[in-house]
Amino acid sequence: MMEVTSLQKYKGSTYEVELDNERKVYLHIDIIADFSVRVGIQLDYDELKKIIYASNFRRAYQYALYQLDYRDYSAAEMTKKLKNTYKNEALCLAVVKKLEKIGAINDERYAEKLARKLVEVKKFGYRRAKREMTLKGIDEFMAVDALEKYSDSFEENLMSLLETKHARYLTDKSDRRSVEKVKAALVRYGYGFDEINRGIKYYFEEQLED
């Protein structure tokens, strides 16, 4: 058994709790109230373990909410971020589960927003967009579903890239070096060889008409 021998304010809403005049733990006032921690109370190892877990859970939860103020996270992304700080995988998973329960984390909603950004803003091809989404922790099937609505946008985006970003390299279709440079760039953007070749062919045909 351990006795709480001192309880004093540390900073903000955090208190320093001293056990047996030796060990010190730092608890938020809510945790102190929830577990009725006070000077003179006797705590066994299991009780102290529960208190420390609750304290760490609260810290991790508040940290996660703070991060979500700045941008959305997938469940996998947030779990990884929390594990980097709090190490305890079970605790981190429990925090993320609570965040999902209150709707602060929603992979389906996040997938839809991310797909729109990758396709409409960054103008990535299907392959690159899908890869970026899975790297963010979005399930592959969910990524496919989110990208389905943009199936007609990829060709338009490719042509837009040719007409703006890469137009200076496409002044002469016999200039193979420049054309190959454009093709390589579009592959990095996630477009397939067939759609790239088709787009460049159409681009030069349009130039000849003009």
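First, a word on scope: everything that follows refers to the structure included in this document. (Residues numbered from 1 in each chain as written. Predicted model: local features only at pLDDT ≥ 70, side-chain atom pairs only at ≥ 80, totals over all residues. Heavy atoms only, no water.)

What follows concerns the packing of aromatic side chains. A full pass over the atoms with the stated rule returns 8 aromatic pairs. Considering the side-chain rings of Tyr-53 and Phe-57, the 6.3 Å spacing of their centres and the 35° angle between planes classify their relative orientation as tilted. Highlighted residues: Tyr-53 and Phe-57, both in helix H2 (residues 45-68), separated by 4 residues, approximately one helical turn. Judged by relative accessible area, Tyr-53 falls into the partly exposed class, the value being 35%. The exposure class assigned to Phe-57 is buried, which follows from its relative accessible area of 18%. Centre to centre, the rings of Tyr-66 and Tyr-70 are 5.3 Å apart; their planes meet at 70°, and the pair counts as edge-to-face. (Phe/Tyr/Trp six-rings, centres within 6.5 Å; stacked < 30°, edge-to-face > 60°. Helix = DSSP H or I, 4+ residues; strand = E, 2+ residues; numbered from the N terminus. Buried < 20%, exposed > 50% of the residue type's maximum accessible area, 1.4 Å probe, protein only.)

Turning our attention to the nonpolar core. Within the largest apolar cluster, 29 residues are counted, with the highest numbers of intra-cluster contacts made by Met-133, Leu-147, Leu-162, Leu-170, Leu-186, Tyr-191 and Ile-200. Counting residues per element, this core draws most heavily on helix H5 (residues 107-121), which supplies 6 residues. Setting aside residues no more than four positions away along its own chain, Leu-186 makes contact with Leu-161, Leu-162, His-166, Tyr-191 and Ile-196. (Core = buried A, V, L, I, M, F, W, Y, C linked by side-chain atoms within 4.5 Å. Contact = heavy atoms within 4.5 Å.)

The strand order across the open sheet formed by 4 strands is E3-E2-E1-E4, and the pairing between neighbours is antiparallel. Strand pairing shows two members of the sheet lacking a second neighbour, strand E3 (23-28) and strand E4 (42-43), which therefore form its edges. Helix-sheet contacts for H2 involve strand E1 (2-11), strand E2 (14-19), E3 and E4, and the interaxial angle to E3 is about 45°. (Pairing = 2+ DSSP bridges. Axes fitted to C-alpha atoms, helices over the stretch in contact; angles between N-to-C directions.)

The next point concerns the pattern of salt bridges. Following the criterion strictly, the structure yields 10 salt bridges and no others. Measuring nitrogen to oxygen at the nearest pair gives 4.0 Å for the salt bridge that ties Glu-16 to Lys-24. Judged by relative accessible area, Glu-16 falls into the buried class, the value being 11%. Across the salt bridge formed by Lys-113 and Asp-72, the nearest N and O atoms sit 2.7 Å from each other. Of this pair, Lys-113 sits in helix H5 while Asp-72 sits in the loop between H2 and helix H3 (75-86); the two residues are 41 residues apart in sequence, bridging distant segments of the chain. Bridged by salt links that share partners, the residues Arg-71, Glu-77 and Lys-136 form one connected network. (Salt bridge = Lys/Arg side-chain N within 4 Å of Asp/Glu carboxyl O.)

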